[in-house]
Amino acid sequence: MNSLRQLLSGLLLFVALVGAPSCSTPEIELGPVDAVVLIVVDTLRADRLSCYGYDAHATPHLDALAARGAFFRDAQAPASWTIPSMGALLTSQYPGQLGLVEREESVTNPRMRRKQHTHNLPLYERTLAERMEERGFDTAAFVDQPGLNTGRGFMQGFDHWAFPRHPGRIEVLTPDDPMRHRPWGGFLEHADKSDRALIESMDAWLGEHAAKPVFVWLHLLTPHYPYDPAAEFGVAEGEKDKSTLYDGEVRETDAMIGRVMEIIGQRLGWDRTLVILTSDHGEAFGEHGTWEHGQSLHREVVHVPLLLAAPGVPGGIEVDRRVRLLDIVPTVLTAAAVHHDPAELQGADLVPLLSGDGEDRPVFMEGMLYGGTEWALIRDDRKLMYDAQADSFLFFDPRRDPLELDDLSGTQKRRALGLLDAVETTHRLMAADRSHRLAAAAPGDTAVSAEERARVQQALKSLGY
Ligand SMILES: [Zn+2]
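Here the structure is a predicted model, which is why all the values come from computation and not from measurement.

Direction vectors running N to C along helix α12 (residues 413-441) and helix α13 (residues 450-461) enclose 145°, while the axes themselves pass 9 Å from each other. Handedness of the α12/α13 crossing: left-handed. On α13, the residues touching Thr426, Leu429, Met430, Ala432, Asp433, His436, Arg437 and Ala440 of α12 are Glu452, Arg453, Val456, Gln457, Ala459 and Leu460. Of the residues that constitute the contact of α12 with α13, the class distribution is seven nonpolar, three polar and four charged.

Below, the discussion takes up the side chain of Ser243. Within the secondary structure, Ser243 is located in helix α8 (residues 242-268). A distance of 3.0 Å separates the side chain of Ser243 from the side chain of Arg48, its partner in a polar contact. Apart from the residues within four sequence positions on either side, Ser243 is in contact with Arg48 and Phe285.

Here the second largest pocket defines a volume of roughly 430 Å³. The wall of the second largest pocket is formed by 19 residues, among which Gln93, Glu344, Arg437, Arg453 and Gln457 lie closest to the centre. Among the elements of the structure, α12 and α13 are those that each provide at least two residues to the lining of the second largest pocket. Split by domain, the residues of the lining of the second largest pocket number at least three in each of domain 1 (35-361) and domain 2 (373-461).

For the zinc ion, the protein coordination sphere consists of Asp42 (OD), Asp42 (OD), Thr82 (OG1), Asp280 (OD) and His281 (NE2), at 2.1 to 2.8 Å. Summarised as a motif, the one-chain spacing of the donors to the zinc ion is D-x39-T-x197-D-H. Highlighted residues: Thr82 in helix α3 (residues 82-91) and His281 in the loop between β7 (273-278) and β8 (284-285), separated in sequence by 199 residues. A residue is classified by how much of its surface remains accessible, and His281, at 0% relative accessible area, is buried.

To continue, consider the sheet that holds strand β15 (residues 382-387). Taken together, four strands build an open sheet; the order of strands is β13-β14-β15-β16 and the sheet is antiparallel. Each end of this open sheet is capped by a strand with a single partner; those strands are β13 (363-366) and β16 (392-396). This sheet shows a mean twist of 15° between the axes of neighbouring strands, independent of strand direction. Sheet topology note: the β15/β16 ladder contains five bridges and is antiparallel. In the strand pairing of β16, Asp387 is matched with Ser392.

What counts as what
- Residues numbered from 1 in each chain as written.
- Predicted model: local features only at pLDDT ≥ 70, side-chain atom pairs only at ≥ 80, totals over all residues.
- Heavy atoms only, no water.
- Axes fitted to C-alpha atoms, helices over the stretch in contact; angles between N-to-C directions.
- Helix = DSSP H or I, 4+ residues; strand = E, 2+ residues; numbered from the N terminus.
- Left-handed = near helix turned anticlockwise from the far one by under 90°.
- Contact = heavy atoms within 4.5 Å.
- Nonpolar A, V, L, I, M, F, W, Y, C, P; charged D, E, K, R; others polar.
- Polar contact = N/O pair within 3.5 Å; in protein donor to acceptor, adjacent residues only side chain to side chain.
- 1 Å grid on protein atoms, 1.4 Å probe; cavity = no way out; pocket = protein on both sides within 12 Å on 5 of 7 lines; lining within 4 Å.
- Points joined across faces, edges and corners; volume = space filled by probe spheres on them.
- Domains from an automatic or database assignment.
- Donors = N, O, S within 2.8 Å, 3.2 Å for Na, K, Ca; no water.
- Buried < 20%, exposed > 50% of the residue type's maximum accessible area, 1.4 Å probe, protein only.
- Pairing = 2+ DSSP bridges.

The following block contains the structure:
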């Protein structure tokens, strides 16, 4: 024991003499990036990937992407369905600032009418693609999600928009194609059967553009309902269990990611390319009494995978800090050296977290496809979900109870009410910012000063702190 103690004190003396090791790893800096590939797998729950601890199956290609760079254990979507979540991802503004959670009143059949509500990403908002295009990147989107196609505002900034007009048949809309402004046309039957064709169309485009700076958004739909995985992905014929069928589609997607990684390696090369893979929301299988998504803000529908690979990022980095889809735009802009004002964006660069710096980031969520209006705020070890119609709330400790099984609103009411105050303040700021944005977009606006707009945006950024 004595000799061990001597050894330890000798070691400590040595460390003191040569300089104590830093608590965090050396600062990571991304190498020059002139190609960015944003992969969004619609409806992909983080906890169905083996790198996130799922042990019922393996997702080797997604794991390989995670091992190549960093993976974020706790990435949160700002909404539980596609339109508000993708609007926020592509602008680094909350869905409420973009008007993507406003509802039509006077609904006779709430479920069907809300399914078809006409929220669009406003054309006056600056999207990631527009910022990249202005900087000289060739921009292309390959999007298998009818909800994001035609007339929804998501095509802004993309020179090349490839989508399946019919399952498996990819068409391209150039910027002046009037089809881009056609009102939204509804959901395609078998919409999720086009991912392989879309990936090959991306390969062909990169074959012609990879010598230049490029920004590519690939949006895959396979895990989305209906759950009907191809036969070779290990689901028995006649299987009825939705979760088992969904897993088959996750494995099918994993195989496609293998092909995407091959294309990135061949066409672009990993030494110049920032690759980010994530999802717009998760999927529920009855955990809190709901199915699919868009019906709650519980973890199963907002916890998404987030993987990042880039030159300068050593492999195998795990980030435990809570992060948000809102953080993707500032990360890409910083990595690709695209000038921007960080104060205009609600998210923040993810790269400092790779070195172990930084804290959990607070997350505000809203935006439901069905049902009532619900807001949620996660801050530190607290998550509050507020149902505006019922004027009731649930309160969880996400660190101790990540599955949100133990509602603490009765036993920790005072703490819950503190967070409820922050939720209400955030909601008020969100509404103020939304009206400032609308006013600023109208001709001849002088009503709100730039200082006042900046003040509201800054207050919003602090989410009630
Ligand atoms: Zn979606």
